Amino acid sequence: MDSLSSQSLWSALAIPIVIGYVLLVRLLRYRRADSISSAFGPGKRSLSSMTTQEAFSIMQQLQQLEFPRSMSKARTVALLKAGGIPTMSKLFAVTGQNTRKNAGKRAVDTEILIREVQSNPGDSQRYMESIARMNYLHARYRKAGKILDEDLLHTLGSNVVEIFKIVDESEWRKLSAVEKCAVGIFHKVLGEDMLIPYSYLPSGAGGWTDGLHFANELYDWTVQYEERVAKPVATGDQYVRVYVDGATSSLPAPFTSFLRKTIAFDLDETMRISLNLERPGAILSLLLGFARGLRRALLRHTCLPRPAFLAVHNVEVDANPETKLYNFDRLTLQPWYVKPSAWNRWSPKALLLKAVGGRSPGSLGDRYHPGGYDLKTIGPKPQEGKGTEDMAATVEFLKTRNLTACPFSRMGR
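So, how was this worked out
Residues numbered from 1 in each chain as written. Predicted model: local features only at pLDDT ≥ 70, side-chain atom pairs only at ≥ 80, totals over all residues. Heavy atoms only, no water. Helix = DSSP H or I, 4+ residues; strand = E, 2+ residues; numbered from the N terminus. Rg over C-alpha atoms; globule rule 2.2 N^0.38 Å. Buried < 20%, exposed > 50% of the residue type's maximum accessible area, 1.4 Å probe, protein only. Phe/Tyr/Trp six-rings, centres within 6.5 Å; stacked < 30°, edge-to-face > 60°. Lys NZ or Arg CZ within 6 Å of the ring centre and 35° of its normal. Salt bridge = Lys/Arg side-chain N within 4 Å of Asp/Glu carboxyl O.

## Observations regarding the overall build of the protein
Across its full length, the protein holds 17 helices and zero strands. In terms of C-alpha radius of gyration, the protein reaches 23 Å, essentially the compact-globule figure of 22 Å for 413 residues. On the principal axes, the C-alpha backbone points of the protein span a range of 85 × 60 × 50 Å. In the protein, which comprises 413 residues, the share counted as buried stands at 47%.

So this is what it looks like as structure tokens:
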């Protein structure tokens with residue numbers, strides 16, 4: 001009887017507990033979104049008054065707390081799409097970065113520089129050194145006409161396109177106009193720091209009303225540029241075979257096919273064809289769509305908001321105390337800049353990567369630079385230690401900017 005009474009008691013309590021939890025999730029789930037948008041709107045401040053610092057703060061909340069998975073995925077997809085632009089894939093091939101030997105480091109170096117500029121304030125030394133390094137590495141190719149201004153504008157725009165697209169399609173809520181405005185301001189300032197001209201955009205001469213106007217215009221231009229120039233070429237196919245197929249080269253062929261089709265699921269038809277990726281079949285598309293929808297529903301209705309102490313950081317906040325360099329925390333088949341800690345060697349992911357042919361951090365001595373990376377020297381080996389004076393000049397120039405201003409406050413309305 002006592003056992004039956006206890007069971008009945010728990011059964012009676014279960015329903016109100018579940019209902020109460022769901023209501024608590026609903027009460028708290030949108031608080032951060034409401035807080036982000038609270039300062040702007042009818043009767044409040046206009047979007048054109050948003051400052052660069054406010055835009056960065058909103059970007060940080062999106063990356064670290066609201067949508068860390070989708071923001072990371074957007075960055076990865078945007079970097080992959082660069083290989084779908086013929087001029088870019090040909091450059092990767094000519095410079096020797098499109099080989100199994102060099103591809104791993106190139107991919108990690110590029111991602112680190114993007115993570116650094118997305119994660120640090122515009123007036124921080126790390127942001128300015130990252131911009132200076134990128135500008136130096138691009139400079140000679142831009143001067144020689146091997147990197148077009150349009151290609152760099154496309155790379156910048158791809159980040160905006162993928163953030164908007166992936167968050168709106170995959171997350172538990174869509175981006176608000178205020179958040180899209182912040183994304184636009186952040187990338188406009190980033191593009192200016194990278195010396196990317198905006199003359200190709202319709203409002204390049206007259207200016208934009210606010211960050212949302214800029215973001216939407218850059219979004220549309222990026223998609224149209226892809227439709228105009230993205231075509232399947234041999235170097236683009238090689239790019240995918242190195243960066244995508246190489247990740248599963250030690251596994252049976254079906255795994256590679258599955259990975260290619262899964263990536264294609266997140267691309268539009270133009271970029272899928274340009275990257276020579278196979279279209280996912282009806283069954284796989286259904287399964288991937290179901291998984292996306294299930295995750296979206298579970299996050300919206302059953303997960304409490306991510307607290308600040310569980311914020312996802314794209315880069316290490318502090319330097320390695322032993323080397324004074326920064327370690328990278330993302331494990332891949334080649335553990336570039338990863339600290340050889342016990343967790344990085346024996347975690348489930350580390351063991352899985354080792355099982356498919358990956359290297360353990362520190363297993364080959366200094367081969368993968370386990371001590372960390374230096375923003376002043378990161379990049380292709382032939383460029384290590386070069387460009388010091390040019391980068392110093394860029395940093396000094398960046399220090400003169402006014403980041404407290406509203407980028408669109410003086411533009412036409």
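## Here's the deal with the packing of aromatic side chains
A full pass over the atoms with the stated rule returns 14 aromatic pairs. With 6.0 Å between their ring centres and 90° between their planes, Tyr198 and Trp208 make a pair best called edge-to-face. With a gap of ten residues between them, Tyr198 in the loop between helix 9 (177-193) and helix 10 (211-229) and Trp208 in the loop between helix 9 and helix 10 connect regions that are remote in the sequence. Look at Tyr200 and Trp221: their rings are 6.4 Å apart centre to centre, the planes differ by 40°, and that puts the pair in the tilted class. Of this pair, Tyr200 sits in the loop between helix 9 and helix 10 while Trp221 sits in helix 10, and the two are 21 residues apart along the sequence. When its relative accessible area of 9% is taken as the criterion, Trp221 is described as buried. Three or more aromatic residues joined by ring pairs make a cluster, and in this case those are Tyr326, Trp336, Tyr337, Tyr368 and Tyr373. Looking at Lys105, its charged tip hangs above the ring of Trp336, at a distance of 5.8 Å from the centre.

## Looking at the pattern of salt bridges
This model, assessed by the stated rule, comprises 29 salt bridges. Residue Asp266 pairs with Arg292 through a salt bridge whose shortest N-O separation is 3.0 Å. Within this pair, whereas Asp266 is found in the loop between helix 12 (253-265) and helix 13 (269-274), its partner Arg292 is found in helix 14 (residues 282-302), the two being separated by 26 residues in sequence. Assessed through its relative accessible area of 10%, Asp266 is described here as buried. Using a relative accessible area of 19% as the deciding quantity, one classes Arg292 as buried. Note that Glu269 and Arg272 form a salt bridge whose closest N and O atoms lie 2.8 Å from each other.

## Observations concerning the environment of Met134
Topologically, Met134 is positioned in helix 7 (residues 125-143). Of the residues examined, Met134 reaches a relative accessible area of 7% and is grouped as buried. Along the backbone, Met134 and Thr110 are 24 residues apart, and their C-alpha atoms lie at a distance of 8.7 Å.

Interpretation note: all reported values are geometric properties and have no functional meaning in isolation.
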